[in-house]
Amino acid sequence: MPHFPGLVTAADWAGVTACAGRPGCAKSLTDVRADAAAAVRASASPRGGADGLPVHWAGCERRCGHPPDRHVAVVATPRGYEVRLGDEVRARPPDPAATAAAVDGTRRSE
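About the thresholds
- Residues numbered from 1 in each chain as written.
- Predicted model: local features only at pLDDT ≥ 70, side-chain atom pairs only at ≥ 80, totals over all residues.
- Heavy atoms only, no water.
- Helix = DSSP H or I, 4+ residues; strand = E, 2+ residues; numbered from the N terminus.
- Buried < 20%, exposed > 50% of the residue type's maximum accessible area, 1.4 Å probe, protein only.
- Pairing = 2+ DSSP bridges.
- Core = buried A, V, L, I, M, F, W, Y, C linked by side-chain atoms within 4.5 Å.
- Contact = heavy atoms within 4.5 Å.

### Things to note about unusual backbone geometry
At step 1: Of the consecutive residues arginine 22 and proline 23, the connecting peptide bond is found in the cis state with omega at 0°.
At step 2: Residues other than glycine seldom take positive phi values, yet arginine 63 does so here, at roughly 55°.
At step 3: As for its position among the elements, arginine 63 is in the loop between strand E2 (55-58) and strand E3 (72-77).

### Topic: the pairing of E2
Successive residues of a regular strand alternate their side chains across the two faces of the sheet.
At step 1: Side chains Val55 and Trp57 of E2 all project onto a buried face; the interleaved residues His56 and Ala58 project onto the opposite face, where all are buried too.
At step 2: Sheet topology places strand E1 (residues 16-18) next to E2; three bridges connect them, and they run parallel. For valine 16, the partnering residue across the bridge sits in E2 and is valine 55.
At step 3: In this structure, E2 lies alongside E3, joined through four bridges in parallel fashion. Bridge pairing links valine 55 to valine 72 in E3.

### Concerning the pairing of E3
At step 1: For E3, the buried fraction is high: six of the six residues fall into the buried class.
At step 2: In this sheet, strand E4 (residues 80-85) lies alongside E3 in antiparallel orientation, the contact comprising six bridges. Paired with alanine 76 across the strands is tyrosine 81, a residue of E4.
At step 3: Two successive antiparallel strands, E3 and E4, enclose a turn made up of two residues.

### A look at the nonpolar core
At step 1: Val55, Trp57, Val72, Val74, Tyr81, Val83 and Val103 are the most contacted members of the largest nonpolar core, which has 19 residues in total.
At step 2: Only helix H1 (32-42), E2, E3, E4 and helix H2 (96-107) provide two or more residues apiece to this core.
At step 3: In terms of residues, this core owes the most to one element, H1, which gives four residues.
At step 4: Leave out the neighbours within four places in its chain, and valine 55 touches Gly15, Val16, Thr17, Val72, Val74, Val103 and Arg107.

This is the structure in structure tokens:
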């Protein structure tokens with residue numbers, strides 16, 4: 001089986017994607033892959049995004065690599081993350097634990 005560095009295939013990452021983020025993208029406001037990994041570890045669901053809508057983490061408004069279908073978008077802004085469903089901002093969590101909780105709640109809301 002081929003090995004692709006950086007490609008995560010663990011079950012708890014099912015339904016979770018992220019853009020390149022920092023340091024791979026100059027436009028990214030943060031290291032979204034590290035933040036997404038922390039949120040997956042803090043998730044109330046042992047199966048990550050597999051129990052609800054897909055979740056895409058983005059380091060800026062461009063949201064590169066987002067799924068084409070309905071999904072939860074976790075978008076970095078200059079003031080922190082916004083958790084969105086479609087065009088609606090569902091939360092502006094103040095810290096990583098609150099971000100993980102907001103993502104869990106939003107992806108199960110539909």
